[in-house]
Amino acid sequence: MIITEQDKAFMREAIRLADESVKSGGGPFGAVIVKDGEIIAGSSNSVTVDNDPTAHAEVNTIRRACKKLGTFDLSGTVIYTSCEPCPMCLGAIYWAHIDRIYYGNDRKDAREIGFADDFIYEELDRPLSERTVPIVPMLRDEALHSFRLWSEKDDKTEY
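Residues numbered from 1 in each chain as written. Predicted model: local features only at pLDDT ≥ 70, side-chain atom pairs only at ≥ 80, totals over all residues. Heavy atoms only, no water.

(A) Representation of the pattern of salt bridges. All told, the structure shown has seven salt bridges when counted by the stated rule. We note a salt bridge from Glu5 to Lys8, for which the minimum N-O separation is 3.3 Å. In this pair, Glu5 and Lys8 are both assigned in helix H1 (residues 5-23), three residues apart and thus about one turn of the helix distant. Given a relative accessible area of 35%, Lys8 falls into the partly exposed group. The partner of Arg107 in a salt bridge is Asp118, with the nearest N and O atoms 3.7 Å apart. Taken as a pair, Arg107 in helix H5 (residues 107-112) and Asp118 in helix H6 (residues 118-125) lie far apart in primary sequence, eleven residues in all. (Salt bridge = Lys/Arg side-chain N within 4 Å of Asp/Glu carboxyl O. Helix = DSSP H or I, 4+ residues; strand = E, 2+ residues; numbered from the N terminus. Buried < 20%, exposed > 50% of the residue type's maximum accessible area, 1.4 Å probe, protein only.)

So, in structure tokens, the structure goes:
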């Protein structure tokens, strides 16, 4: 993969947002989403500022990009993030259909400053019965009703 000067400029903007976040009390993470060579959204980590554990830079940026474009499907976009995405953010990026991910720091760098998410990857490899947070299936037969409604709906918007 060839990294262009424009790619570097977009990453520098993500890093700038991360720096600003640290200065304003947020976490050291920033991200921008680009479409057709133009930044359409950018944000930083605001977990502690917003008291929201999902307010990672990538998730915040995805929310802003979707709002700006009026869609939940970000196909045709690229995300530049100052750090390798955590499992939650990676999942959000996949669900948003973002075409490519560029990142600065990797998860080992993040672990060295106290942001370790390896435990989540390890948890995902464990059987449900052995996970740290109990996961208890229940009322499946009743819950399947919603899935049947969805399957039978003719005018649904698939995603």
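(B) Geometry of helix H3 (residues 57-69). Taking 1.5 Å of rise per residue, 13 residues should cover 18 Å, and H3 covers 18 Å from first to last C-alpha, within 8% of that figure. Taken together, the buried positions of H3 are Ala57, Glu58, Val59, Asn60, Thr61, Ile62, Ala65 and Cys66. Buried residues along H3 sit in contact with strand S1 (30-35), strand S2 (38-44), strand S3 (77-83) and helix H4 (87-96). (Expected span 1.5 Å × (residues − 1). Contact = heavy atoms within 4.5 Å.)

(C) Highlighting the environment of Arg140. Topologically, Arg140 is positioned in helix H7 (residues 140-152). Judged by relative accessible area, Arg140 falls into the exposed class, the value being 60%. As for Arg140 and Ile39, which are separated by 101 residues in sequence, their C-alpha atoms are 43 Å apart.

(D) The arrangement of the side chain of Ser44 in detail. Its location among the elements puts Ser44 in strand S2. Residue class for Ser44 comes out buried when judged on its relative accessible area of 19%. Residues contacting Ser44, with those up to four places away along its chain left out, are Leu17, Ser21, Phe29, Gly30, Ala55, His56, Ala57 and Asn60.

(E) Broad picture of a nonpolar patch on the surface. Taken together, Phe72, Trp95, Trp150 and Tyr159 make up a surface patch of nonpolar side chains, about 550 Å² in accessible area. With respect to the helices, strands and loops of the structure, Tyr159 is situated in the segment after H7. (Patch = residues over 30% accessible without salt bridge, like charges linked within 9 Å, V, L, I, M, F, W, Y side chains within 5 Å. Areas by Shrake-Rupley, 256 points an atom, 1.4 Å probe, with all protein chains shown as cover.)

(F) Quick look at the environment of His97. On the secondary structure map, His97 appears in the loop between H4 and strand S4 (100-105). Given a relative accessible area of 32%, His97 falls into the partly exposed group. Measuring from C-alpha to C-alpha, the distance between His97 and Val78 comes to 9.6 Å, with 19 residues separating the pair along the chain. Not counting residues within four places of it along the chain, the set of residues in contact with His97 comprises Asp73, Leu74, Ser75 and Tyr159.

(G) Region of the structure containing the packing of aromatic side chains. Per the counting criterion, the structure on display carries five aromatic pairs. Both rings, one in Phe10 and one in Tyr80, keep their centres 5.2 Å apart while their planes meet at 55 degrees; by these two values the pair is tilted. Of this pair, Phe10 sits in helix H1 while Tyr80 sits in strand S3, and the two are 70 residues apart along the sequence. Comparing Phe10 with Tyr80, the two get one shared label, buried. Ring plane angle 90 degrees and centroid distance 4.9 Å describe the contact between Phe29 and Phe115, whose orientation is recorded as edge-to-face. (Phe/Tyr/Trp six-rings, centres within 6.5 Å; stacked < 30°, edge-to-face > 60°.)

(H) Structural detail: the sheet that holds S2. Strand order in this open sheet of four strands is S2-S1-S3-S4, and the pairing throughout is mixed. At either end of the open sheet lies a strand with only one pairing partner, and these are S2 and S4. With strand direction ignored, the average angle separating the axes of adjacent strands in the sheet is 15 degrees. As paired elements, S1 and S2 share six bridges and run antiparallel to each other. Looking across to S2, one finds that Gly30 is bridged to Ser44. Here H3 sits on the sheet and contacts S1, S2 and S3; the angle it forms with S2, its principal contact strand, is near 140 degrees. (Pairing = 2+ DSSP bridges. Axes fitted to C-alpha atoms, helices over the stretch in contact; angles between N-to-C directions.)

From the geometry alone we can't say anything about function, so treat these as descriptive.
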